[in-house]
Each structure stands twice: as structure tokens, then as C-alpha cells.
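Single-letter residue listing:
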Amino acid sequence: MADPFLAALDQATRTVVARVRGKLPAAAPRATVAITHYYCCDPNRALCGLGLSGMPPAGDGEQVCVVCLDLDADCH
């Protein structure tokens, strides 16, 4: 019996390849998890390099960007 993980990976790979080749329609966008980014000196640029100008303020319960989290300790 095949490993379930490998079987799921094989199916996902086949689906992605079929979409790239135009044999399947693009997937509908899924709801995304909001990610909180940190900045140090420039409020328009996150520590991870993402441009923040025009983005809404972070809310409670959002996932924190792991790159910003790692770099936040060095920004004081």
C-alpha cells in the first residue's frame, strides 16, 4: 500500500502541472490568514522587506510573519 502522504503529494503535483499547462482552470482564491508584520524605523517597510504603505493596521489574532519576528529582536 502506498504512503498516503506521497499519494496526496502526487495528486497535488499533477493538479498544479495541469493548471500550468492550461488543462484545468485556475483555483478559486481561498480565504487567507492575515499576517502581522513588524517595522523598525520606517513604518512603510516591514523588517522582512514587504512594503506596508496602504496596508490596513494589524489586528488581534493574526499570524506573525516569522521573518519579522526573528529580526525584531535586533531592532532596538
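Look up a bit, the structure's there.
Parameters and conventions
Residues numbered from 1 in each chain as written. Predicted model: local features only at pLDDT ≥ 70, side-chain atom pairs only at ≥ 80, totals over all residues. Heavy atoms only, no water. Helix = DSSP H or I, 4+ residues; strand = E, 2+ residues; numbered from the N terminus. Contact = heavy atoms within 4.5 Å. Areas by Shrake-Rupley, 256 points an atom, 1.4 Å probe, with all protein chains shown as cover. Salt bridge = Lys/Arg side-chain N within 4 Å of Asp/Glu carboxyl O. Buried < 20%, exposed > 50% of the residue type's maximum accessible area, 1.4 Å probe, protein only. 1 Å grid on protein atoms, 1.4 Å probe; cavity = no way out; pocket = protein on both sides within 12 Å on 5 of 7 lines; lining within 4 Å. Points joined across faces, edges and corners; volume = space filled by probe spheres on them. Disulfide = S-S within 2.5 Å.

A.B. asks: What is the right way to read the overall build of the chain from this model?
C.D. replies: For the chain, the helix and strand inventory stands at two helices and two strands. Reading the helices (α) and strands (β) of the chain from amino to carboxyl end gives α-β-β-α. Within the chain, residue pairs in contact and separated by at least 24 positions form 40% of the contacts whose partners lie at least 6 positions apart. On the chain, roughly 6400 Å² of surface is accessible, and the fraction owed to carbon and sulfur atoms is 59%.

A.B. asks: For this particular structure, what's the right way to read the pattern of salt bridges?
C.D. replies: Note that side chains of opposite charge can pair when their charged atoms are close. By the definition in use, this model includes one salt bridge. A salt bridge links Asp10 to Arg14; the shortest N-O distance between them is 2.9 Å. Placement of the pair is Asp10 and Arg14 together in helix H1 (residues 4-20), with a separation of four residues, close to one helical turn. The exposure class assigned to Asp10 is partly exposed, which follows from its relative accessible area of 38%.

A.B. asks: Would you mind going over the layout of surface pockets with me for this structure?
C.D. replies: Rolled over the atoms, a probe sized like a water molecule indicates the empty space that remains. Taken as a whole, the largest pocket holds about 230 Å³ of empty space. Taken together, Ala34, Ile35, Thr36, His37, Tyr39, Pro43, Leu52, Met55, Pro56, Pro57, Ala58 and Glu62 make up the lining of the largest pocket.

A.B. asks: I keep staring at the environment of Tyr39 and nothing clicks. Help me out?
C.D. replies: Note that Tyr39 resides in the loop between strand S1 (35-36) and strand S2 (63-64). Expressed as a C-alpha distance, the spacing of Tyr39 and Cys68, which sit 29 residues apart in the sequence, is 7.7 Å. Not counting residues within four places of it along the chain, the set of residues in contact with Tyr39 comprises Arg45, Ala46, Leu47 and Leu52.

A.B. asks: Sorry if this is basic, but what is going on with the state of the cysteines here?
C.D. replies: Counted under the stated rule, the structure contains zero disulfides. No disulfide involves Cys48; its sulfur sits 3.8 Å from that of Cys68, the nearest cysteine. The thiol of Cys65 is unpaired, and the distance to the nearest cysteine sulfur, on Cys68, comes to 3.8 Å. The exposure class of Cys65 is buried, given its relative accessible area of 11%.

Everything listed here is a matter of coordinates, which is why it stays silent on function.
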